[in-house]
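# Inside the fold
If you want the building blocks of each chain, they are given just below.
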Amino acid sequence: MKIGVPSEIKDDEYRVALTPAGARELAERGHDVLVQSGAGLGSAIDDADYEGQGARILPDAPAVFDAAEMILKVKEPQPSEVEMLGPGHVLFTYLHLAPAPELTKGLQQSGATCVAYETVEDARGRLPLLAPMSEIAGKIATQAGAFFLEKPLGGRGILLGGVPGVAAATVVVIGGGAVGMNAAFIAIGMEADVFVFDVSIDRLRELDVAFGGRASTVFSSTLAVEEMLPRADLVIGAVLVHGARAPYVVRRDQLKLMKRQAVLVDVAIDQGGCFETSHPTTHRDPTFEVDGITHYCVANMPGAVPITATYALTNATLPYVLALADNGVASAARRDPGLRLGVNVADGRVTHPAVAEGVGVNYTPVEEVLDQKQKA
Ligand SMILES: NC(=O)c1ccc[n+]([C@@H]2O[C@H](COP(=O)([O-])OP(=O)(O)OC[C@H]3O[C@@H](n4cnc5c(N)ncnc54)[C@H](O)[C@@H]3O)[C@@H](O)[C@H]2O)c1
């Protein structure tokens, strides 16, 4: 198969979807790897590093999209990239379509088969291609929160860990999955007073064991959140309902319960945000204020640490890239039900139930579309 790797063009995005190690694995299996010149530079990977492992370098994005059958990306395609997609393409990338009806429509019109990293599941129903980025985003969430609590940056002016004789700050993490657990571990490491909320009792049990008494776990309800908001200096939103738009866990009228210049970090912003007052921001301009509360809502947090993030992402995606390249999307999806869940759009139809519900269109089971496509 011809596999194309264009440069990422979203603002402040420096990751790349394939490393030289991945290029080598694909090339050794007889696939053609086509990398846009400069695609790896943001992650400190030169064109020559790819060429040395059997990839070919193409001058620009149109050349890559023209030549490739499968396009590997990191972030959702931008409008100019959607225009270059056609029915012959498989697109494998983060898509986050549930809160994005326009992009979904564009992908439907392209006719491409679009496989979303974030809805691929493993045998235990976990999200193996979201997890590495969630681990990074969780760690950054606490770092960023600590930073924006500093007075010169508009924060309350409190140190997360306190000092002898002065109490630590209170960090509340809502959603104790991959993001939440990593955010909590960094907050614990910084010696803050940490509370993790989740709606899954099983998950709270796992967290309780992992924290070993160094953080409290709380069953998440509207009342429990409202009781905690007046104490919180930093609230990290990290909830996820697979494939769906994030539910609101803090509403605008609840902001008045919080201390002035407290900080909200909405990691779930890529799924539409879990605070009612959130809107996406960028690394260049990461925060805004609503009712005296600082909001940090960067939609591609791992983009800030591309060297870590590129390798963490590609370690996880490579087995799936190899499966798609070796078998084609229909056969790979049939062999691996978890990969099948990644197919969000195919042949103009929306093939993931939560995405279909999120954007308000009809859902078509993925088997119907891929089988038809294969027969055609
Ligand atoms: N902004 C970024 O750069 C970035 C990077 C990585 C991940 N994310 C996003 O972070 C979010 C969390 O990802 P994850 O990998 O931790 O997901 P996850 O599935 O591992 O964890 C989500 C947790 O939220 C819990 N939950 C669901 N509804 C809840 C509610 N109403 N109240 C409390 N808890 C609730 C679930 O039980 C689960 O434990 C996702 O939206 C993901 O897309 C954002």
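Small disclaimer: the values here were computed from a predicted structure and weren't measured.

What counts as what
Residues numbered from 1 in each chain as written. Predicted model: local features only at pLDDT ≥ 70, side-chain atom pairs only at ≥ 80, totals over all residues. Heavy atoms only, no water. Near = heavy atom within 4 Å. Polar contact = N/O pair within 3.5 Å; in protein donor to acceptor, adjacent residues only side chain to side chain. Helix = DSSP H or I, 4+ residues; strand = E, 2+ residues; numbered from the N terminus. Salt bridge = Lys/Arg side-chain N within 4 Å of Asp/Glu carboxyl O. Pairing = 2+ DSSP bridges. Axes fitted to C-alpha atoms, helices over the stretch in contact; angles between N-to-C directions. Contact = heavy atoms within 4.5 Å. Buried < 20%, exposed > 50% of the residue type's maximum accessible area, 1.4 Å probe, protein only. Lys, Arg positive; Asp, Glu negative; His and termini not counted.

### Looking at the site of the ligand
Around the ligand sit 29 residues, and of these Ser-134, Val-179, Asp-198, Asp-270 and Met-301 come closest. Residue Asp-198 places a side-chain N or O atom 2.6 Å away from an oxygen atom belonging to the ligand. With respect to the ligand, the backbone of Val-298 contributes an N or O atom lying 3.1 Å from a nitrogen atom. Elements supplying a minimum of two residues to the shell around the ligand: α6 (131-148) and α7 (178-189). In terms of residue count, the dominant contributor to the shell around the ligand is α6 (3 residues).

### Section: the pattern of salt bridges
All chains considered together, the criterion is met by 18 salt bridges. Between Arg-284 and Asp-12 there is a salt bridge; the shortest N-O distance is 2.9 Å. Here Arg-284 is found in the loop between β11 (263-266) and β12 (287-290), whereas its partner Asp-12 is found in the loop between β1 (2-5) and α1 (20-28), with 272 residues between them in sequence. Arg-251 is the partner of Glu-276 in a salt bridge, and the nearest nitrogen-oxygen pair spans 3.8 Å. Linking Glu-276 in the loop between β11 and β12 with Arg-251 in the loop between β10 (234-237) and β11, this pair joins segments that are 25 residues apart in sequence. Members of the salt-bridge network, linked through shared partners, are Glu-8, Lys-73 and Glu-81.

### A closer look at the sheet that holds strand β8 (residues 193-198)
Taken in spatial order, the 7 strands make up an open sheet running β9-β8-β7-β10-β11-β13-β12, and their pairing is mixed. At either margin of the open sheet sits one strand with a lone partner, and together these are β9 (216-219) and β12. Pairs of neighbouring strands in the sheet enclose a mean axial angle of 20°, with direction left out of account. For strand β7 (residues 170-174) and β8, the ladder comprises 5 bridges, and the chain directions are parallel. Residue pairing in the sheet places Val-173 in a bridge with Val-196 of β8. Sitting on the sheet, α6 touches β10, β11, β12 and β13 (293-296), and the angle it makes with β10 is about 150°. Packing of helix α8 (residues 201-211) onto the sheet brings it into contact with β8 and β9, and relative to β9 it is tilted by some 175°.

### Observations regarding the side chain of Glu-118
Relative to the assigned elements, Glu-118 resides in the loop between β6 (113-116) and α6. Buried within the structure, Glu-118 lacks any salt-bridge partner; Lys-75 is the closest side chain of opposite charge, at an N-O distance of 8.0 Å. Reaching out from Glu-118, the side chain makes a polar contact with the backbone nitrogen of Leu-95 at a distance of 3.1 Å. In terms of polar contacts, Glu-118 uses its side chain to reach the backbone amide nitrogen of His-96, at 2.5 Å. In contact with Glu-118, other than residues within four places in its own chain, are Thr-93, Tyr-94, Leu-95, His-96, Leu-97, Leu-127, Leu-130, Gln-271 and Asn-344.

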